[in-house]
Amino acid sequence: MKVLVTGGAGYIGSHAVKRLLAAGHQPVVLDDYSRGHRAAVPENVPRVHASTADANAVERALVENEIECVLHFAAFAYVGESVEKPLEYYQNNTGGSLSLLSAMRGAGVERLVFSSTCATYGEPEQMPITEETPQTPVNPYGWSKLFVEQMLRDTARAQPSFGFTSLRYFNVAGCALDGSLGEHHDPETHIIPVILQAALGKREKVTVFGDDYPTPDGTCIRDYIHVDDLIDAHIQAMQTTGPGTRSFYNLGIGRGYSVREVVEAARAVVARDFKVEIGPRRPGDPPELYSDAGKIARELGWTAQVTDIHQIIESAWRWFREHPDGYSS
């Protein structure tokens, strides 16, 4: 299948390109490189240097490359930044998706797999989170994605031949299991890369934000899904999305690891010590967030294969050790 991968030079998008190629598909990358890395995209993969906000450029890319389906990853994804710069998030995430949908309509492309987020659920009172959990975001990032989900519903209602699948991620982690691709953000806020940077001496310490939560060890609990598993779910969703599909699925492993568990697992994997300090809680951090991913298992047959936090960290450590400065190494 010929697939347009928006944000294909980013962390998740680049892993999608790799696994699409391995599965025999023909990806085309569309990225403005504002946060992605050219080095993450194989030289033999066609690239379109454009933003999803440029509907004309997107429509040309769809038509010229005879695209059959879009995997839509392009988005800003820092919760804190979204609070500080809400308009930028609505403009890029929501507005960019609107332009993309307009371009798809113009080009006659009617299949989309959307990169959504568990942030659309906000701070649920009950765990695990199912697809029926009320969606009440608590930050502009979550709202920017939820608005796109509504646009998808409305588009499918008005255009019965249009089909979409929306995948709500929990904490994506790890790097390609063969060590060929990694995670490189600036700034880096994800806990596993932060820990590994500390282990490599690239940062002074790891700050744990709060150790007085109502959890077994006092630190927050999160659901970590390996990036390769995440992409396999996208490919499965792509292959099952057709006219009239209107599907929503959680992507996680169905259990959580505490921050302290992640820190101790990293110490075991890297066999190095690093400084850890306890800081104050971050506003809006719920004690626990983890998924019920049973719906996608029942309907699409997908389940996560990498569920041990040590294995997830090992995959990341393999890449970070060889690329201490990320794609600048």
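Heads up: these notes are all about the structure in this document. (Residues numbered from 1 in each chain as written. Predicted model: local features only at pLDDT ≥ 70, side-chain atom pairs only at ≥ 80, totals over all residues. Heavy atoms only, no water.)

### So, the sheet that holds strand β5 (residues 111-117)
And then number 1: Spatially, β3-β2-β1-β4-β5-β6-β11 is the arrangement adopted by the seven strands of the open sheet, whose pairing is parallel. Lying at the two open borders of the sheet, with one neighbouring strand each, are β3 (47-49) and β11 (246-251). Neighbouring strand axes in the sheet, compared pairwise and without regard to direction, differ in orientation by 20° on average.
And then number 2: Judged from the five bridges that link them, strand β1 (residues 2-6) and strand β2 (residues 26-31) form a sheet pairing that is parallel. Along β2, the bridge assignment pairs Lys2 with Gln26.
And then number 3: Those strands touched by helix α7 (residues 227-240) are β1, β4 (69-72), β5, β6 (163-169) and β11, and its axis lies near 165° from that of β6. (Pairing = 2+ DSSP bridges. Helix = DSSP H or I, 4+ residues; strand = E, 2+ residues; numbered from the N terminus. Axes fitted to C-alpha atoms, helices over the stretch in contact; angles between N-to-C directions. Contact = heavy atoms within 4.5 Å.)

### Focus on the environment of Gln91
And then number 1: Here Gln91 shows up in helix α4 (residues 86-107).
And then number 2: On the basis of relative accessibility, which here comes to 61%, the residue Gln91 falls in the exposed class.
And then number 3: Remark: the alpha-carbon pair of Gln91 and Asn171, spanning 80 residues in sequence, is separated by 24 Å. (Buried < 20%, exposed > 50% of the residue type's maximum accessible area, 1.4 Å probe, protein only.)

### A short note on the nonpolar core
And then number 1: Grouped together as the largest cluster of nonpolar side chains are 69 residues, with contacts concentrated most on Ile192, Leu251, Phe274, Ile296, Ile309 and Ile313.
And then number 2: Residues within four places of Ile313 in sequence aside, it is in contact with Ile192, Leu196, Val262, Ala265, Ala266 and Val269.
And then number 3: Grouped together as the second largest cluster of nonpolar side chains are 25 residues, Val28, Val48, Leu152 and Ala156 included. (Core = buried A, V, L, I, M, F, W, Y, C linked by side-chain atoms within 4.5 Å.)

### Looking at the environment of Gly10
And then number 1: Secondary-structure assignment places Gly10 in the loop between β1 and α1 (11-22).
And then number 2: The buried category is assigned to Gly10, whose relative accessible area is 17%.
And then number 3: Sequence-wise, Gly10 and His185 are 175 residues apart; in three dimensions their C-alpha atoms are separated by 8.8 Å.
And then number 4: When residues no more than four places from it in sequence are discounted, the contact partners of Gly10 are Asp31 and Gly36.

### Considerations on the pattern of salt bridges
And then number 1: Applying the stated criterion across every chain yields a total of 16 salt bridges.
And then number 2: Between Glu66 and Lys2 there is a salt bridge whose closest N-O contact spans 2.6 Å. One end of the pair, Glu66, is in the loop between α2 (55-64) and β4; the other, Lys2, is in strand β1, and 64 residues separate them in sequence.
And then number 3: For Lys2, a relative accessible area of 23% corresponds to the partly exposed category.
And then number 4: Close ionic contact of Asp154 with Arg157 constitutes a salt bridge, the shortest N to O distance being 2.7 Å. (Salt bridge = Lys/Arg side-chain N within 4 Å of Asp/Glu carboxyl O.)

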